[in-house]
Every structure is written in structure tokens, then in C-alpha cells.
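# Report on the structure
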Amino acid sequence: MAVDATKAYDDQNIFAKILRGEIPNRTVYEDDFALAFHDINPQAPTHVLVIPKGPYVCWDDFSAKADAAEIAGFVRAVGKVARDLGLVVPGYRLLANTGINGHQEVPHLHVHLFAGQPLGPMLVR
Ligand code: 5GP
């Protein structure tokens, strides 16, 4: 079910549990600001989720409340993961579902990184 992006952070969400090491993940990259791991239900040959370490519900929450170091660290981590996986050529897609209409299901900000095949038009109508 899609989540309300304006709700307070719930530290029992699945990605909070992954960050605390309470449930396993297939880690691709980790630093002080971000964790990247393979999506459990991949929608492309490469489907990695990159999440900030701080408790941010969604892109709106993060962009409004995170400090400059967190924002820079997270954005750099997303780019580094794609670079390290060799995805810059021929390319990849980033997606951050936000709120109900964005169909966000996990209430901890995550950027989807899709790659490994031509990804087609941006949205299917
Ligand atoms: P959203 O719809 O919120 O943008 O995407 C949530 C994503 O999290 C989905 O692609 C889903 O497959 C993934 N996901 C949900 N639970 C888990 C989990 O326990 N582990 C991993 N690795 N991915 C998960």
C-alpha cells in the first residue's frame, strides 16, 4: 500500500530494520551517508536501492530537512554506485517514488537505480 509522505518517520519500516542490521540485505555500497543494496523484487537486470542513513520518510522530507553534508553525501553515493557498477554507459534510470500518487510503499527515502537493458519510455500510460 502506498504511504502518506507527510507522516512522521516510522523507525519500524523495513529499510530502518535493514539499516540497523535486523534483516539481511545484499549490500552493494555503504558509507557514512548512504547504503545501497539489491531490490528484493528486481524490475530490471540491475535494480539497486540507495537510501540515506538518516531517518527521512521521502524525497520531500529529505530535501527540506537534511543538512548539506547529508544531501551531498547521498547524491554522491547514488552517482558512485552507478559508476562503480559500470552503468554510466550505456545508461541508467533513477526513480524516487513519493507519497500516494507516487506509489511509494516503504516510508524511508530510497532512490531506485535501474539498468542492464533499454528501459523504454519513462511512464506507461
Ligand atoms: P517503492 O514502491 O516504495 O518505491 O519501492 C519499494 C521497493 O522496496 C520495492 O521495489 C520492493 O521490491 C523493495 N523492497 C521491499 N521490501 C524489501 C526488502 O525487505 N528488501 C529489499 N532488498 N527490498 C525490499
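Our subject is the structure listed above.
What comes next concerns the included structure. (Residues numbered from 1 in each chain as written. Predicted model: local features only at pLDDT ≥ 70, side-chain atom pairs only at ≥ 80, totals over all residues. Heavy atoms only, no water.)

### Section: the overall build of the protein
The condition that has to hold: Numbering of helices and strands runs from the N terminus; a helix is a DSSP stretch of H or I covering at least four residues, while a strand is a stretch of E covering at least two. Only the C-alpha atoms count toward the radius of gyration. The rule for a globule is 2.2 Å times the residue count to the power 0.38. Buried means the residue's accessible area, taken with a 1.4 Å probe over protein chains only, is under 20% of the maximum for its type, while exposed means over 50%, and partly exposed covers the values in between.
Scanning the protein from terminus to terminus reveals three helices and five strands. The order of α-helices and β-strands along the protein, N terminus first, is α-β-β-β-α-α-β-β. Expected size for 125 residues packed as a compact globule is a radius of gyration near 14 Å; at 14 Å, the protein falls within 12% of this value. The principal-axis extent of the C-alpha atoms belonging to the protein is close to 40 × 35 × 30 Å. A total of 125 residues make up the protein; the buried ones form 39% of that total.

### Digging into a nonpolar patch on the surface
Under the convention used in this document: Residues with no salt bridge and a relative accessible area higher than 30% make up the patches, which join like charges within 9 Å and nonpolar side chains (Val, Leu, Ile, Met, Phe, Trp, Tyr) within 5 Å. Only the protein chains shown count as cover for residues, with accessible areas throughout obtained via the Shrake-Rupley method and a probe of 1.4 Å. Salt bridges are counted wherever a side-chain nitrogen of Lys or Arg sits within 4 Å of a carboxyl oxygen of Asp or Glu.
Residues Val-88, Val-89, Tyr-92 and Leu-94 make up a contiguous nonpolar surface patch of about 380 Å² in total accessible area. Within the fold, Val-88 resides in the loop between helix 3 (68-84) and strand 4 (93-95).

### Regarding the pairing of strand 5 (residues 111-115)
Inclusion rule: Pairing between strands requires that DSSP locate at least two bridges from one strand to the other.
Of all five residues that make up strand 5, five are buried, and the element is covered over most of its length. Residues Val-111, Leu-113 and Ala-115 line one face of strand 5 and the alternating positions His-112 and Phe-114 line the opposite face, and both faces are buried. In the sheet, strand 3 (residues 46-52) pairs with strand 5 via five bridges, with the strands oriented antiparallel. Across the sheet, residue Thr-46 finds its bridge partner in strand 5, namely Ala-115. By the bridge criterion, three bridges tie strand 4 to strand 5 in an arrangement that is antiparallel. In the sheet register, Arg-93 faces strand 5, and the bridge partner there is Phe-114.

### Quick notes on the site of the ligand
Applied cut-off: By convention in these notes, a residue is near a molecule or strand provided one of its non-hydrogen atoms lies within 4 Å of it. Definition of a polar contact: a pair of N or O atoms within 3.5 Å, with one able to donate and the other able to accept a hydrogen when the atoms are protein atoms, and with sequence-neighbouring residues admitted only if both atoms are side-chain atoms. Gly falls in the polar group here, along with every residue not listed as nonpolar (Ala, Val, Leu, Ile, Met, Phe, Trp, Tyr, Cys, Pro) or charged (Asp, Glu, Lys, Arg).
Taken together, the neighbourhood of the ligand is formed by 17 residues, with Asp-39, Asn-97, Glu-105, His-110 and His-112 sitting nearest. The contact in question runs from a nitrogen atom of the ligand to an N or O atom on the backbone of Ile-40, over 3.3 Å. In the model, an oxygen atom of the ligand is placed 2.6 Å from a nitrogen or oxygen of the Glu-105 main chain. If the ligand stood free it would expose 530 Å²; the protein chains cover 84% of that surface. When residues in the shell around the ligand are grouped by element, the largest group, three residues, is from helix 1 (residues 14-19). Here the residues of the shell around the ligand are counted per class, giving seven nonpolar, eight polar and two charged.

### Quick look at the packing of aromatic side chains
Counted only if it meets this: Each Phe, Tyr or Trp ring, with Trp reduced to its six-membered ring, pairs with another whose centre is within 6.5 Å; inter-plane angles below 30 degrees give stacked pairs, above 60 give edge-to-face pairs, and intermediate values give tilted ones.
Evaluation of the coordinates by the stated rule reveals four aromatic pairs. Centre to centre, the rings of Tyr-56 and Phe-62 are 5.2 Å apart; their planes meet at 75°, and the pair counts as edge-to-face. For Phe-62, a relative accessible area of 2% puts it in the buried group. Pairwise contacts between aromatic rings join Tyr-56, Trp-59, Phe-62 and Phe-74 into one cluster.

### Points about the pattern of salt bridges
With the rule as written, the count across this model stands at four salt bridges. Across the salt bridge formed by Arg-20 and Glu-22, the nearest N and O atoms sit 2.7 Å from each other. We classify Arg-20 as partly exposed; its relative accessible area is 40%. The partly exposed category is assigned to Glu-22, whose relative accessible area is 48%.

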